[in-house]
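Observations on chain architecture
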Amino acid sequence: MTKIWVNSGDSHVMEPADVWTERLPARLGARAPRSERGEKYEMLYIDGERIDRQLGDFMDAMRPPGAWDLKVRLKDLDQEGVWSQLAFPSMGFWLVSITDRELARETVRAWNDWAHEEILSKNKRVITTACVSTADIDDAVAEVERVAELGFKAVFLPCSTREGEEYALDRWEPLWTAVERSGLVLGFHIGTGGQNVVFRGPGGAVVNYMETTYPGMRVVSHMVAGGALDRHPDLKILIAEGGAGWMPAIGDRMDEAYRQHGMFVRPKLSRLPSEIIRQQVYASFQHDKSSVEIVESTGYRNVMWGDDYPHLEGTYGHTQSTLRDLFDGVSDDIRDRVTRGTFNELFGLPEQTPQE
Ligand SMILES: CC(C)(COP(=O)(O)O)[C@@H](O)C(=O)NCCC(=O)NCCSC(=O)[C@]1(C)CCC[C@@]2(C)[C@@H]3[C@@H]4C[C@@H]5C[C@]3(C[C@]5(C)O4)[C@H](O)C[C@@H]21
Ligand SMILES: [Mn+2]
């Protein structure tokens, strides 16, 4: 059966344990994120804070042989039919929790240097997002300008922010200006910036999975209703790994609020929220049938498939059967848009027709 070749808008690089200690002076490296395996929990240390997370099973369940080795990863991708991948951090996700200005700036810089030297400079198919400081916006702006020069195509931000630092607030304006000017995509990955296990009762695993999706919706409402995207019409944002089926639905609800509660609406926008979403907001998914159906039924086209390699929620080992389930019977136009076109529009990688 011919392989369906696709691009993936969501995956992860697994950083070496010494990604910061190797690159930073001991006084900073010792405070960078590090993890230790316990019996049931993983102990995560970030600048002296300890977070216990039930992560052991995730790591043990990580099957792809290439999770830690780029050369082997490219063979995994050939096997699965994935040509290009956008790769988010793994341990790098925890940098967003650092509030000390110097530590945030230096750990972010070190992560980006590692990604540039070990991933971007060594292959053309896997491109990583860059990290930025959330502790100081001037540092974040400087890092966006630096990584744009290095050839990065996207910047990672967490879906959840600290209280008082919500994305609708002016605090972020210089960063939106810098990212728009750089042409980089702003990639918000779900399950970042907050707690991932918030409920331990019946159904907890599914409830917690859903709880990581809602902050992705909140990012869209703040970035649209707060005016950031309206003020920066060339800024594109991606909500990664949260599915896409809900995107047109929140556009409708935001339009209803914008129109029916008009007397309360500040700032006024030059376009309806749903128009801003259709022009500047993108979403990735792995298995959701609804993410393909809404392209057909609503015309919302900023949908991008992602393999979430090497994670458990991803498609490694069953990518081709997933793609057939998703796209058999779907028009070529929509299949090509979701599996390659959206990716190429966002990251401008040359269209590849890999040899079988
Ligand atoms: C079954 C219970 C309720 C029992 O509670 P107990 O642990 O005994 O106190 C609980 O363990 C549970 O809900 N387990 C299901 C697995 C889970 O941790 N679910 C969290 C919500 S899902 C999630 O956070 C995703 C979006 C998807 C799973 C991988 C995930 C945790 C990844 C993993 C971990 C870390 C966080 C990360 C990127 C990262 C580098 O890889 C994302 O930011 C986020 C992501
Ligand atoms: Mn992911």
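The following refers to the structure shown. No experiment lies behind these values; they were computed from the predicted model shown. (Residues numbered from 1 in each chain as written. Chains lettered and ligands numbered in written order. Predicted model: local features only at pLDDT ≥ 70, side-chain atom pairs only at ≥ 80, totals over all residues. Heavy atoms only, no water.)

**A look at the sheet that holds strand 1 (residues 6-12)**
Here we have 3 strands laid out as an open sheet, ordered 1-5-6, and parallel in their pairing. Strands at the two margins of the open sheet, each flanked by one partner only, are strand 1 and strand 6 (126-128). Going across the sheet, the axis of each strand differs from the next one's by a mean of 20°, ignoring polarity. Sheet topology places strand 1 next to strand 5 (residues 82-88); 4 bridges connect them, and they run parallel. Within strand 5, the position partnered with Val 6 by the bridge is Val 82. Across the sheet, helix 3 (residues 70-80) is in contact with strand 1, strand 5 and strand 6; its angle to strand 5 comes to roughly 130°. (Pairing = 2+ DSSP bridges. Helix = DSSP H or I, 4+ residues; strand = E, 2+ residues; numbered from the N terminus. Axes fitted to C-alpha atoms, helices over the stretch in contact; angles between N-to-C directions. Contact = heavy atoms within 4.5 Å.)

**Here's the deal with the coordination of the manganese ion (ligand 2)**
Bound to the manganese ion (ligand 2) on the protein side are Asp 10 (OD), Asp 10 (OD), His 12 (NE2), His 189 (NE2), Glu 241 (OE) and Asp 308 (OD), at distances that span 1.8 to 2.7 Å. For the manganese ion (ligand 2), the 6 donor atoms are set out with angles of 48 to 172° between them, so the coordination reads as irregular. Sequence spacing of the donor residues for the manganese ion (ligand 2), all on one chain, is D-x1-H-x176-H-x51-E-x66-D. Highlighted residues: Glu 241 in the loop between strand 9 (237-240) and helix 10 (247-260) and Asp 308 in the loop between strand 11 (303-305) and helix 13 (319-327), separated in sequence by 67 residues. (Donors = N, O, S within 2.8 Å, 3.2 Å for Na, K, Ca; no water. Tetrahedral: all angles 85-135°; square planar, octahedral: opposite > 155°, others 65-115°.)

**Comments concerning the sheet that holds strand 11**
One open sheet accounts for 5 strands, arranged 7-8-9-10-11; its pairing is parallel. Among the strands making up the open sheet, the edge pair consists of strand 7 (154-158) and strand 11. Neighbour-to-neighbour, the strand axes of this sheet turn through a mean angle of 25°, independent of strand direction. With 5 bridges joining them, strand 7 and strand 8 (residues 185-189) adopt parallel strand pairing.

**Let's talk about the pairing of strand 3 (residues 42-46)**
Here strand 3 lies mainly inside the structure; 5 of its 5 residues are buried. Side chains Glu 42, Leu 44 and Ile 46 of strand 3 all project onto a buried face; the interleaved residues Met 43 and Tyr 45 project onto the opposite face, where all are buried too. Pairing geometry for strand 2 (residues 34-37) and strand 3, over 4 bridges, is antiparallel. Residue pairing across strands places Ser 35 opposite Leu 44, the latter belonging to strand 3. (Buried < 20%, exposed > 50% of the residue type's maximum accessible area, 1.4 Å probe, protein only.)

**With respect to the packing of aromatic side chains**
According to the stated counting rule, one finds 10 aromatic pairs in the structure shown. For the ring pair Phe 93 and Phe 156, a centre distance of 4.7 Å and an interplane angle of 45° mean the geometry is tilted. Taken as a pair, Phe 93 in the loop between strand 5 and helix 4 (101-118) and Phe 156 in strand 7 lie far apart in primary sequence, 63 residues in all. For the pair formed by Phe 93 and Phe 156, the shared burial category is buried. Considering the side-chain rings of Tyr 167 and Phe 188, the 5.1 Å spacing of their centres and the 75° angle between planes classify their relative orientation as edge-to-face. Remark: Phe 188 occurs in strand 8 and Tyr 167 occurs in the loop between strand 7 and helix 6 (173-182); sequence separation between them is 21 residues. (Phe/Tyr/Trp six-rings, centres within 6.5 Å; stacked < 30°, edge-to-face > 60°.)

**Some thoughts on empty space enclosed by the protein**
Summary: where empty space remains is shown by rolling a probe the size of a single water molecule over the atoms. Taken as a whole and judged by the stated rule, the model has 1 cavity of 30 Å³ or more. The volume enclosed by the largest cavity comes to roughly 50 Å³. Around the largest cavity, the lining residues are Met 247, Pro 248, Gly 251, Asp 252, Ser 274, Ile 277, Arg 278 and Tyr 300. Elements represented by at least two residues in the lining of the largest cavity include exactly helix 10 and helix 11 (273-280). Residues belonging to the lining of the largest cavity are distributed by class as follows: 4 nonpolar, 2 polar and 2 charged. (1 Å grid on protein atoms, 1.4 Å probe; cavity = no way out; pocket = protein on both sides within 12 Å on 5 of 7 lines; lining within 4 Å. Points joined across faces, edges and corners; volume = space filled by probe spheres on them. Nonpolar A, V, L, I, M, F, W, Y, C, P; charged D, E, K, R; others polar.)

**Concerning the packing of helix 8 (residues 214-225) against helix 10**
Two numbers describe how helix 8 lies on helix 10: the axes approach to 11 Å, and their chain directions differ by 45°. Here helix 10 runs oblique to helix 8, going by the angle between their axes. The way helix 8 lies across helix 10 gives a crossing that is right-handed. In this structure, helix 8 uses Met 217, Val 220, Ser 221, Val 224 and Ala 225 to contact helix 10, whose residues at the interface are Met 247, Ile 250 and Met 254. (Parallel < 35°, antiparallel > 145°, perpendicular 65-115°, else oblique. Left-handed = near helix turned anticlockwise from the far one by under 90°.)

**Brief notes about a nonpolar patch on the surface**
Taken together, the side chains of Val 198, Phe 199 and Val 207 define a hydrophobic patch exposed on the protein surface, amounting to about 220 Å² of accessible area. You can see Phe 199 is positioned in the loop between strand 8 and helix 7 (204-211). Accessibility expressed as a relative area gives 36% for Phe 199, which makes it partly exposed. (Patch = residues over 30% accessible without salt bridge, like charges linked within 9 Å, V, L, I, M, F, W, Y side chains within 5 Å. Areas by Shrake-Rupley, 256 points an atom, 1.4 Å probe, with all protein chains shown as cover. Salt bridge = Lys/Arg side-chain N within 4 Å of Asp/Glu carboxyl O.)

**Things to note about the site of ligand 1**
Around ligand 1, the structure places 22 residues, and the nearest of them are Lys 40, Tyr 41, Gly 191, Arg 200 and Asn 208. Note that an oxygen atom of ligand 1 is positioned 2.9 Å from one of the side-chain N or O atoms of Tyr 41. Here Asn 208 contributes a side-chain N or O atom positioned 2.8 Å from an oxygen atom of ligand 1. When ligand 1 is considered free in solution it has 850 Å² of accessible area, and contact with the protein chains removes 85% of it. Among the elements that take part in the shell around ligand 1, helix 7 stands out by supplying 4 residues, more than any other. Split into classes, the residues belonging to the shell around ligand 1 amount to 9 nonpolar, 9 polar and 4 charged. (Near = heavy atom within 4 Å. Polar contact = N/O pair within 3.5 Å; in protein donor to acceptor, adjacent residues only side chain to side chain.)

Purely spatial values, then, with no claim about function.
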